[in-house]
Amino acid sequence: MRIDVVTLFPDFMRQCAAVGVVGRAQQRELFQVETWNPRDFATDNYRTVDGRTCGGGPGMVMLIEPLRAALRAVREAAPEPVHVVYLSPQGARLTQDRVMSLAKLPRLALLCGRYEGVDERLLAHEVDEELSIGDYVLSGGELGAAVIIDAVGRLQDGALNDAQSAQQDSFSDGLLDCPHYTKPVHDALGDVPAVLLSGDHAAIRRWRLKQSLGRTWLRRPDLLARRSLDAESAALLEEFRRDYLRHHEAAVADRGN
Ligand code: 9D3
């Protein structure tokens, strides 16, 4: 897969894509990230990429022409159609489901806005999809693009080692991860749960699933609500709830409920 990023900060985007699992995937040519600077497509001597907002008020808007020329160059460099995503706070929220479908595309272009955003006419004619990474205010689209590159890059065939991908397959589907421990087994901060040292793989799998279900119930009940549990999971979550309520009885009583 190849991702083309249209950005006023190409160096930053290349550095984002050069680290960790995704950087290694690029080195191994499983994945490619290219950048295009709209400033290089401006036609005036000042290399202008923005203009005053029509109707007045503060802030600048990115001009149609440099972005249109940059996207034309992206499309001309591609042998197949390019799916163009604009990163913006008005977009649909990025989810892992969306990441998984983007990861299957041969070509993806990420358009990053700065200032107040991009002229609406360019969006209407050149953009296939608008995505946001969450409900907070950033100063531009680059961090959103970096999030997509990381999330999509790590899913490319061969990017993850076997241990990482096997772990993904287990029960990470829609649940929070279980707690993790490493040596030392005994520490001033506490001991590693005994079951993890038991060598009983079935018991370890059940413990981890129970922890995943329990933490999801405590921290992200919205994720559980959208999901139906099989009999084993329902029983493990019930066990977790019972343990939890027993350990927190005092606190619950203090709160007067
Ligand atoms: C007048 C209100 N504007 C600024 C305070 C709106 C505004 C314009 C441009 C707010 C943010 C931005 C820049 N943000 C992005 O380009 C962006 C973004 C985000 O801000 N939050 C979550 N996801 C994304 S993806 C791109």
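Quick look at the structure, then. (Residues numbered from 1 in each chain as written. Predicted model: local features only at pLDDT ≥ 70, side-chain atom pairs only at ≥ 80, totals over all residues. Heavy atoms only, no water.)

Once that is clear, we can look at the sheet that holds strand S5 (residues 83-93). Sheet architecture is open: five strands sit in the order S2-S1-S6-S5-S7, paired in parallel fashion. At either margin of the open sheet sits one strand with a lone partner, and together these are strand S2 (32-36) and strand S7 (129-132). With direction set aside, neighbouring strand axes in the sheet form an average angle of 35°. Pairing of strand S1 (residues 2-6) with strand S6 (residues 107-112) involves five bridges; the strand directions are parallel. Within S6, the residue paired with Ile3 across the bridge is Leu108. This element, helix H3 (residues 64-76), spans S1, S2, S5 and S6 of the sheet and lies at about 165° to S1. Each of S1, S2, S5, S6 and S7 touches helix H6 (residues 142-153); the most contacted strand, S6, lies at about 160° to it. (Pairing = 2+ DSSP bridges. Helix = DSSP H or I, 4+ residues; strand = E, 2+ residues; numbered from the N terminus. Axes fitted to C-alpha atoms, helices over the stretch in contact; angles between N-to-C directions. Contact = heavy atoms within 4.5 Å.)

This brings us to the side chain of Gln211. As for its placement among the helices and strands, Gln211 is situated in helix H8 (residues 201-219). Sequence-distant contacts of Gln211, defined by excluding residues within four places in its chain, comprise Cys178, Pro179 and Phe240.

For the rest of this paragraph, the subject is the site of the ligand. Close contacts around the ligand come from 15 residues, with Ile133, Gly134, Tyr136, Leu138 and Gly140 the closest. Between the ligand and the protein, one listed contact pairs a nitrogen atom with a side-chain N or O atom of Ser132 at 3.4 Å. Taking Leu138, its main chain carries an N or O atom lying 2.9 Å from an oxygen atom of the ligand. Notes on the ligand: free accessible area 570 Å², of which the protein chains cover 71%. A majority-of-atoms criterion places the ligand in the second largest pocket. For the shell around the ligand, the secondary structure elements donating two or more residues are S5 and S7. When residues of the shell around the ligand are assigned to their parent elements, the largest contribution, three residues, is made by S5. In the shell around the ligand, the residues fall into eight nonpolar, six polar and one charged. (Near = heavy atom within 4 Å. Polar contact = N/O pair within 3.5 Å; in protein donor to acceptor, adjacent residues only side chain to side chain. Areas by Shrake-Rupley, 256 points an atom, 1.4 Å probe, with all protein chains shown as cover. 1 Å grid on protein atoms, 1.4 Å probe; cavity = no way out; pocket = protein on both sides within 12 Å on 5 of 7 lines; lining within 4 Å. Sits in = over half its atoms within 2 Å of the grid points. Nonpolar A, V, L, I, M, F, W, Y, C, P; charged D, E, K, R; others polar.)

With that settled, the discussion passes to a nonpolar patch on the surface. A contiguous nonpolar patch, built from Phe9, Phe12, Tyr136, Leu138 and Leu143 and spanning about 470 Å² of accessible area, is present on the exposed surface. Within the element layout of this structure, Tyr136 appears in the loop between S7 and H6. Judged by relative accessible area, Tyr136 falls into the partly exposed class, the value being 47%. (Patch = residues over 30% accessible without salt bridge, like charges linked within 9 Å, V, L, I, M, F, W, Y side chains within 5 Å. Salt bridge = Lys/Arg side-chain N within 4 Å of Asp/Glu carboxyl O. Buried < 20%, exposed > 50% of the residue type's maximum accessible area, 1.4 Å probe, protein only.)

Applying the stated criterion across every chain yields a total of four aromatic pairs. Their ring planes at 90° and their centres at 5.6 Å tell us that Trp217 and Tyr244 sit as a pair that is edge-to-face. Highlighted residues: Trp217 in helix H8 and Tyr244 in helix H10 (residues 231-247), separated in sequence by 27 residues. What makes Trp217 partly exposed here is its relative accessible area of 22%. Taken together, the aromatic side chains of Trp217, Phe240 and Tyr244 make up a single cluster linked through ring pairs. (Phe/Tyr/Trp six-rings, centres within 6.5 Å; stacked < 30°, edge-to-face > 60°.)

A few words on the pattern of salt bridges. As enumerated under the stated definition, the model contains 17 salt bridges in all. Here Arg2 ties to Asp4 by a salt bridge, and the two come within 2.8 Å at their closest N and O atoms. For the pair Arg2 and Asp4, a shared accessibility class is recorded, and that class is buried. Salt-bridge contacts for Asp243 lead to Lys210; the nearest nitrogen and oxygen are separated by 2.8 Å. Taken together, the residues Asp243 in helix H10 and Lys210 in helix H8 connect sequence positions 33 residues apart. For Lys210, a relative accessible area of 12% gives the class buried. Counted as one network, the salt bridges with shared partners bring together Arg2, Asp4, Glu80 and Arg107.

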